[in-house]
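The residues making up each chain are set out below.
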Amino acid sequence: MTYLIEHYDWWQGPLLSGIVVFLRYLLTAGPAFLILYVWYRSRFLSHKIQARFPGRKKIWMEIRHSAVTALVFALMGVGIYGLRQAGWTQIYEEIGDFGWGYLLGSVAGLILLHDTYFYWMHRLMHHPRVFPFVHRVHHLSHNPTPWAALSFHPLEAVLEIGIVPLAVILFPIHPLALLLFASWSLLWNVLGHSGYEWFPSGFVRHPFGRWLNTPTHHNLHHQQAGYNFGLYFNFWDRLLGTNHPQYEERFEEICRKKNQQDFDKNLAHHTTQSQNRCSLL
Ligand SMILES: [Zn+2]
Ligand SMILES: [Zn+2]
């Protein structure tokens, strides 16, 4: 992004950066959508959190809003570049200055910091006086698809990316750490909005798993907005009692559906095999 801003006119840099951000979104959400909603739709039906599929209009709406978000993210990138030129950030160029250990640690630190930043920002966006002007657009998706990953109002997009300027002002961060963090965040958002559950039965009660959020967790938030505000981890929702009261129950319900489909598939497979054996005899 820095290259695009440095080597093109003032309006070309942000536009090209926006296109790069949007392409990254297309290459992450696109394959997930094609696999789950087009090519293997019937194979993974038992993993679907809500039985029905959203219509074309909703899907195009998610893509449209995400395109605007990509442009907002690019403009914020220009702002961060300006801050850096003014000497206000701690972005460093040489990995050797702090070493690989620090670089990887800074990615983990960014993820933890973002989780807390997101929880409180998300709760603020659900305040009745703020919600209609900022967060309503994201909640137009009651049955989200991977395309909803960046489907925000422009003001929400500014708040969402706000963690980046905050972090680069506070801590030394290498551009590669920012790229790894942004890729992780986008992947997690695509998974959370995929509409499908992949974690196994018992995960949300497991001593480790219970601290991590699941696609069911965020899907329930899109169905009933008063609960489940967390992003990556379940710390804040557990601590402040904001998990959906039926979260674990709904999660297990989907897992039972998945297990039943696997059982039926195995049974059908064994029945075919025995029939083939009988016909050979
Ligand atoms: Zn969402
Ligand atoms: Zn929300």
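Below: a short report on this structure. (Residues numbered from 1 in each chain as written. Chains lettered and ligands numbered in written order. Predicted model: local features only at pLDDT ≥ 70, side-chain atom pairs only at ≥ 80, totals over all residues.)

Okay, the overall build of the chain next. When helices and strands are counted, the chain shows 11 helices and zero strands. Traced from its N-terminal end to its C-terminal end, the chain shows the element sequence α-α-α-α-α-α-α-α-α-α-α. Look at the contacts in the chain between residues 6 or more apart in sequence, and 71% of them connect residues 24 or more apart. (Helix = DSSP H or I, 4+ residues; strand = E, 2+ residues; numbered from the N terminus. Contact = placed C-beta atoms within 7 Å.)

For helix 6 (residues 154–161), the complete set of buried residues consists of Glu156, Ala157, Glu160 and Ile161. For helix 6, the buried positions fall inside an angular range of 130 degrees around the axis, keeping them on one side. (Buried ≥ 20, exposed ≤ 12 C-beta atoms within 10 Å, placed from the backbone. Arc of directions from axis to C-beta.)

Along the chain, the position of histidine 193 falls in the loop between helix 8 (175–192) and helix 9 (215–223). A count of 25 C-beta atoms within 10 Å places histidine 193 in the buried class. Sequence separation between histidine 193 and threonine 214 is 21 residues, and the spatial gap between their C-alpha atoms is 10.0 Å.

Summarising burial for helix 9: eight of the nine residues are buried, a large majority. The complete set of buried residues in helix 9 reads Pro215, Thr216, His217, His218, Asn219, Leu220, His221 and His222.

A word on the nonpolar core. Side chains that are nonpolar tend, in soluble globular proteins, to be buried together. Residues Tyr25, Ala29, Ala70, Phe73 and Ala149 are the most contacted members of the largest nonpolar core, which totals 41 residues. Among the elements of the structure, helix 2 (12–39), helix 3 (56–85), helix 6, helix 7 (163–170), helix 8 and helix 11 (247–280) are those that each provide at least two residues to this core. For this core, the element with the most residues is helix 2, which contributes eight residues. Apart from the residues within four sequence positions on either side, alanine 70 is in contact with Gly18, Val21, Phe22, Tyr25 and Leu150. (Core = buried A, V, L, I, M, F, W, Y, C linked by C-beta atoms within 7 Å.)

To continue, consider the environment of histidine 47. Structurally, the position occupied by histidine 47 is in the loop between helix 2 and helix 3. As a C-alpha pair, histidine 47 and glycine 195 span 148 residues in sequence and 8.5 Å in three-dimensional space. Those residues within four positions of histidine 47 in sequence are excluded, and the remaining contacts are Tyr196, Glu197, Trp198 and Lys258.

This brings us to unusual backbone geometry. Both trends apply: most residues other than glycine have a negative phi, and most peptide bonds are in trans. Here the phi dihedral of asparagine 228 falls at roughly 55 degrees; this positive angle occurs in a residue that is not glycine. Relative to the assigned elements, asparagine 228 resides in the loop between helix 9 and helix 10 (235–239). Judged by the 23 C-beta atoms lying within 10 Å of it, asparagine 228 falls in the buried class.

Let's shift gears to the environment of tryptophan 236. Assignment of secondary structure puts tryptophan 236 in helix 10. For tryptophan 236, the residues in contact, after removing those within four places along its chain, are Thr116, Tyr119 and Gly230.

Two elements in contact, helix 3 and helix 7, have axes whose closest approach is 10 Å; the angle formed by their N-to-C orientations is 15 degrees. Relative to helix 7, the element helix 3 lies roughly parallel. Where helix 3 crosses over helix 7, the handedness of that crossing is right-handed. Residues Gly79, Ile80 and Leu83 of helix 3 lie in contact with helix 7, whose contacting residues are Val164, Pro165 and Val168. The residue inventory of the contact of helix 3 with helix 7, partitioned by class, reads five nonpolar, one polar and no charged. (Axes fitted to C-alpha atoms, helices over the stretch in contact; angles between N-to-C directions. Parallel < 35°, antiparallel > 145°, perpendicular 65-115°, else oblique. Left-handed = near helix turned anticlockwise from the far one by under 90°. Nonpolar A, V, L, I, M, F, W, Y, C, P; charged D, E, K, R; others polar.)

Read these as layout, nothing more, since geometry by itself doesn't imply function.
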